[in-house]
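Structure assessment
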Amino acid sequence: MDLIRMKNVKKVYKTGTTALYDLSLNIEKGEFVFVIGPTGCGKSTLIKMLYREEKPTEGSINVGGIEVSKLKNRKVFKLRRKIGVVFQDYKLLPKLTAYENVAFALEIFGLPQSEIFDKTIKALELVGLKGKAKSYPSELSGGEQQRVAIARAIINSPKLLICDEPTGNLDPEMSREVMKVLDEINKMGTTIVMVTHDITIVEEMKKRTIELDTGRILKDHPVGTFKGVNFRSKGVTSNESA
Ligand code: ADP
């Protein structure tokens, strides 16, 4: 069953720039999909439209049964409940501990403290950071901060986890730790769509890989078929070669 259906999607920004042309794409429940391509090819635009940060100019986008392209502003929360988002720069609150950063995402729902505690500890355990619950972001490595951000993103059990260059600020070792966590979350059933420049990671993970070029899908590589060597020869840099 498809979790995401994008049909004939076009995005033209107010400035007149066309970021995506006639893009159609289906992603099934439980898939792990990379989105790659040179800077400016439309990767961010594509994922921003999935959580309605941007609206398409034409075409339809359906996420988990919600027609995103027609969604009224006051109903956007219904979509956002189904989606967790992880950014390159973590976006943790510096004055809150790891525990508080994760629990914060639950507190708005007014759950009892005991339930908030159990869920938060479980999420921190899943990302391997139960022992760092009391640490502040400034006391954590980049990889640890990103894992706190992942725990926060999955605390409400979203169907879809969107990751925008989650390893962009991390060295290869920390990147692998983050990817291990994402792979585990995916194996537990969460669909993952991840934008990345890190070709080494894409090669290692062997997932479906959607290659964009100037607003179009250049190639949709099925699981296990992506060859980084072809991609690198086009002059696109990865984090490790940059
Ligand atoms: P990528 O994530 O692959 O680097 P983007 O989706 O950010 O690509 O950008 C695709 C194109 O749309 C680029 O030409 C970019 O300059 C343009 N663009 C992105 N965001 C905006 C915006 N808010 N307003 C106008 N143009 C934008």
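These notes cover the structure that comes with them. (Residues numbered from 1 in each chain as written. Predicted model: local features only at pLDDT ≥ 70, side-chain atom pairs only at ≥ 80, totals over all residues. Heavy atoms only, no water.)

With that out of the way, let us pick up the site of the ligand. All residues in the neighbourhood of the ligand are listed as Tyr13, Thr15, Thr17, Ala19, Pro38, Thr39, Gly40, Cys41, Gly42, Lys43, Ser44 and Thr45. Tyrosine 13 is positioned with one of its side-chain polar atoms (N or O) 3.5 Å from a nitrogen atom of the ligand. Note that an oxygen atom of the ligand is positioned 2.6 Å from one of the side-chain N or O atoms of serine 44. Among the elements that make up the shell around the ligand, the one with the highest residue count is helix H1 (residues 43–50) (three residues). Classifying every residue of the shell around the ligand by side-chain character gives four nonpolar, seven polar and one charged. (Near = heavy atom within 4 Å. Polar contact = N/O pair within 3.5 Å; in protein donor to acceptor, adjacent residues only side chain to side chain. Helix = DSSP H or I, 4+ residues; strand = E, 2+ residues; numbered from the N terminus. Nonpolar A, V, L, I, M, F, W, Y, C, P; charged D, E, K, R; others polar.)

Another aspect to go through is the sheet that holds strand S10 (residues 216–221). Strand pairing in a sheet is mediated by backbone hydrogen bonds. Such pairs are either parallel or antiparallel. An order of S6-S7-S8-S3-S9-S10 is seen for the six strands of this open sheet, with the pairing classed as mixed. Only two strands of the sheet have a single partner each, and these edge strands are strand S6 (83–87) and S10. Between one strand axis and the next, the sheet turns by 15° as a mean value, whatever way the strands run. Relative to strand S8 (residues 191–195), strand S7 (residues 160–164) runs parallel, the two being bridged by five bridges. (Pairing = 2+ DSSP bridges. Axes fitted to C-alpha atoms, helices over the stretch in contact; angles between N-to-C directions.)

On to helix H4 (residues 113–126). Here H4 spans 20 Å end to end across 14 residues, near enough to the 20 Å set by a 1.5 Å rise per residue. For H4, the set of buried residues is Ile116, Thr120, Ile121, Ala123 and Leu124. Projected down its long axis, H4 shows its buried positions confined to an angular sector of 160°, all on one face. Every exposed residue of H4 that faces more than 90 degrees away from the buried side is listed here: Ser114, Asp118 and Lys122. For H4, the secondary structure elements touched by its buried residues are helix H3 (98–107) and helix H5 (142–154). The first or second residue beyond H4 is glycine 128, which carries a positive phi of 75°. (Expected span 1.5 Å × (residues − 1). Buried < 20%, exposed > 50% of the residue type's maximum accessible area, 1.4 Å probe, protein only. Arc of directions from axis to C-beta. Contact = heavy atoms within 4.5 Å.)

On to the nonpolar core. Generally speaking, soluble globular proteins have nonpolar side chains that are buried together. Core analysis: the largest hydrophobic core is formed by 44 residues, its most contacted members being Leu161 and Leu182. Elements represented by at least two residues in this core include exactly strand S3 (32–36), H3, H4, H5, S7, helix H6 (172–187), S8 and helix H7 (199–205). In this structure, this core is formed jointly by two domains, domain 1 (28–55 + 70–82 + 158–242) and domain 2 (92–157), each of which donates at least three residues. Look past the residues within four positions of leucine 182 in its chain and what remains in contact with it is Phe32, Ile150, Leu161, Cys163, Pro166, Ile192 and Met194. Of all hydrophobic cores here, the second largest spans 30 residues; its members include Met6, Val9, Val33 and Val76. (Core = buried A, V, L, I, M, F, W, Y, C linked by side-chain atoms within 4.5 Å. Domains from an automatic or database assignment.)

Right, let's get into the sheet that holds strand S5 (residues 66–67). With antiparallel pairing, four strands are arranged side by side in an open sheet as S2-S1-S4-S5. Bordering the open sheet on either side are strand S2 (18–28) and S5, each of which pairs with just one other strand. When strand S1 (residues 2–12) meets strand S4 (residues 58–63), the two strands line up antiparallel, connected through five bridges. Bridge pairing in S4 places arginine 5 opposite asparagine 62. Across the face of the sheet, H1 comes into contact with S1, S2 and S4 while running at roughly 125° to S1.

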